[in-house]
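Survey of secondary and tertiary structure
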Amino acid sequence: MNKKILLLVGLCLFVGIVFVVNRKFAYKSPLTDVIQHASESIVKPSPFEEITIPYLRKKVFQSTLGELRMISQNSNYTSYLTSYTSDGLKINGLLTKPTGPIPEGGFPAIVFIHGYIAPTTYRTLEKYEDYVDYLSRNGFVVYKIDLRGHADSEGEPGGGYFGADYVTDTLNAYAALEASDFVNRKSIGLWGHSMTGNTVMRSMAVKPTIPAIVIWAGAVYTYIDQREYGINDQSYRPPQTNTTTRNRRQEMFNKVGSPSAESAFWKSVAPTSFLNDIQGSIQIHHAKDDSVVDIRYSRNLIQLLDKTAVPHQLFEYDLGGHNIIGSSFSQAMQRTVEFFQRYLKN
């Protein structure tokens, strides 16, 4: 009797083991693999898509101005130091506000983005004073931001062309002005110089409703143009050590390759791929004797804009160098003011 019971128990155990093994190695339909792989491909982001225009268009840019700390005042405007947040970082800047009552709807405003200056030598109150003063005296709120990693702004300086940091800082500054109670949220433009010509063009591609941008001596719009024209900036100082941004940039080149006309990735980064979406206007200034940024960058961009309905202008100057100084400065600034008055004040 005991042997029969033992045999019965053993048989049950055997059947149970066979059942478990069969379930473990059960046939899996090819459709199951297709669904699984499709699901994984949907969830998995494309490499480095965070710097592309389509990705940035989905990003939310939202910020507010911090406390305005007055540093100087004249008959035309008052200057303040203030800050906003961008990617969780505190970004500082100089803000000027016109003297007099706030007009109905608020003052027109300009986010002013500095060009390349070695982050270790950049100072908020020492650069672009004449540019900011000229715009401020003509009735604009001007917010000259210190890009991340510059002066007292938090974060690591990321470089202008192969990351999204500076575009993000620009559009969060734009959002901070939109949220202020003294700025007309529909009358905010961008001004960029040199490296940040690329930044403001990409910002406009991300936010096509920006009414007006002005670029002085800008560079890198198609990304292929950089290979063709180069940049000869003797003031450039590479980081002392390998930074996170620099390492990631090299990783990006290793994976997606250098910019080329055939690359779908680089087309999604270049602002010139999205010119037909732009609803605002563009003005460009460039000196023929610019030894840092070849004037062909600007001429090539204008040729592309000629094929669109975007209102645009290019002013060339025989002299002035990279910063468009000397006798060309006042002429270029007056044209800049008139352009912003046309598209931001009317």
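Residues numbered from 1 in each chain as written. Predicted model: local features only at pLDDT ≥ 70, side-chain atom pairs only at ≥ 80, totals over all residues. Heavy atoms only, no water.

Re the overall build of the chain
A count of helices and strands for the chain gives 11 helices and nine strands. The proportion of buried residues among the 346 residues of the chain is 49%. Pairs at least 24 residues apart make up 71% of the contacts formed inside the chain by residues separated by at least 6 positions. As displayed, the chain offers around 17800 Å² of accessible surface, 53% of which is attributable to carbon and sulfur atoms. (Helix = DSSP H or I, 4+ residues; strand = E, 2+ residues; numbered from the N terminus. Buried < 20%, exposed > 50% of the residue type's maximum accessible area, 1.4 Å probe, protein only. Contact = heavy atoms within 4.5 Å. Areas by Shrake-Rupley, 256 points an atom, 1.4 Å probe, with all protein chains shown as cover.)

Here's the deal with the layout of surface pockets
In this model, the second largest pocket occupies a volume close to 330 Å³. Considering the residues around the second largest pocket, the lining is formed by 17 residues, among which Ile117, Tyr128, Tyr131, His193 and Asn323 are closest to the centre. The dominant element in the lining of the second largest pocket, judged by the number of residues it contributes, is helix 4 (residues 129–136), at three residues. Partitioned by chemical class, the residues of the lining of the second largest pocket number seven nonpolar, six polar and four charged. (1 Å grid on protein atoms, 1.4 Å probe; cavity = no way out; pocket = protein on both sides within 12 Å on 5 of 7 lines; lining within 4 Å. Points joined across faces, edges and corners; volume = space filled by probe spheres on them. Nonpolar A, V, L, I, M, F, W, Y, C, P; charged D, E, K, R; others polar.)

Section: the environment of Asn184
Here Asn184 lies in strand 6 (residues 183–193). With 81 residues separating them along the chain, Asn184 and Pro103 place their C-alpha atoms 8.9 Å apart. Here Asn184 is in contact with Gly105, Gly106 and Phe107, once residues within four sequence places are set aside.

Some points on the sheet that holds strand 9 (residues 312–317)
The nine strands are arranged 1-2-3-5-4-6-7-8-9 in an open sheet whose pairing can be described as mixed. Unpaired on one side and paired on the other, strand 1 (69–73) and strand 9 mark the two borders of the sheet. Within the sheet, the average angular offset between the axes of one strand and its neighbour, ignoring direction, is 20°. Where strand 4 (residues 107–113) meets strand 6, six bridges bridge the pair, whose relative direction is parallel. Of the residues in strand 6, the one forming a bridge with Ala109 is Ile188. The sheet contacts of helix 5 (residues 165–178) involve strand 2 (77–86), strand 3 (89–98), strand 4, strand 5 (141–145) and strand 6, and relative to strand 2 the element is tilted by about 120°. (Pairing = 2+ DSSP bridges. Axes fitted to C-alpha atoms, helices over the stretch in contact; angles between N-to-C directions.)

Comments concerning the confidence of the model for the chain
Here the chain shows a mean pLDDT of 88. Residues at 70 or above account for 84%. Under a pLDDT of 50 for its full length, residues 18–32 has, in the predicted model, two contacts with residues more than four places off or in other chains. Counting contacts from residues 34–43, a segment whose pLDDT is below 50, to residues more than four positions away or on other chains yields one contact. (pLDDT = per-residue confidence, 0-100.)

Brief notes about helix 6 (residues 195–206)
The terminal C-alpha atoms of helix 6 lie 17 Å apart, and with 12 residues this matches the ideal 16 Å at 1.5 Å per residue to within 8%. In terms of residue burial, helix 6 counts as a mostly covered element, since 12 of its 12 residues are buried. Within helix 6 the residues assigned to the buried category are Met195, Thr196, Gly197, Asn198, Thr199, Val200, Met201, Arg202, Ser203, Met204, Ala205 and Val206. (Expected span 1.5 Å × (residues − 1).)

Some details on the side chain of His286
Residue position: His286 is located in strand 8 (residues 281–287). We classify His286 as buried; its relative accessible area is 0%. Here the side chain of His286 touches Val293 through a polar contact of 2.9 Å, landing on its backbone oxygen. Contact partners of His286, with chain neighbours within four places excluded, come to Ala217, Gly218, Val293, Asp294, Ile295, Ser298, Phe315, Glu316, Tyr317 and Ile324. (Polar contact = N/O pair within 3.5 Å; in protein donor to acceptor, adjacent residues only side chain to side chain.)

Side note on the pairing of strand 4
With seven of seven residues buried, strand 4 lies mostly within the body of the structure. Judged by which residues are buried, strand 4 turns out to be covered on both faces: Phe107, Ala109, Val111 and Ile113 on one side and Pro108, Ile110 and Phe112 on the other are all buried. Bridging between strand 4 and strand 5 involves five bridges; their strand directions are parallel. When the sheet's bridge partners are listed, Val111 is paired in strand 5 with Tyr143. For the crossover that starts at strand 4, traverses helix 4 and ends in the parallel strand 5, the hand is right-handed. (Right-handed = clockwise from strand over helix to strand, strands pointing away.)

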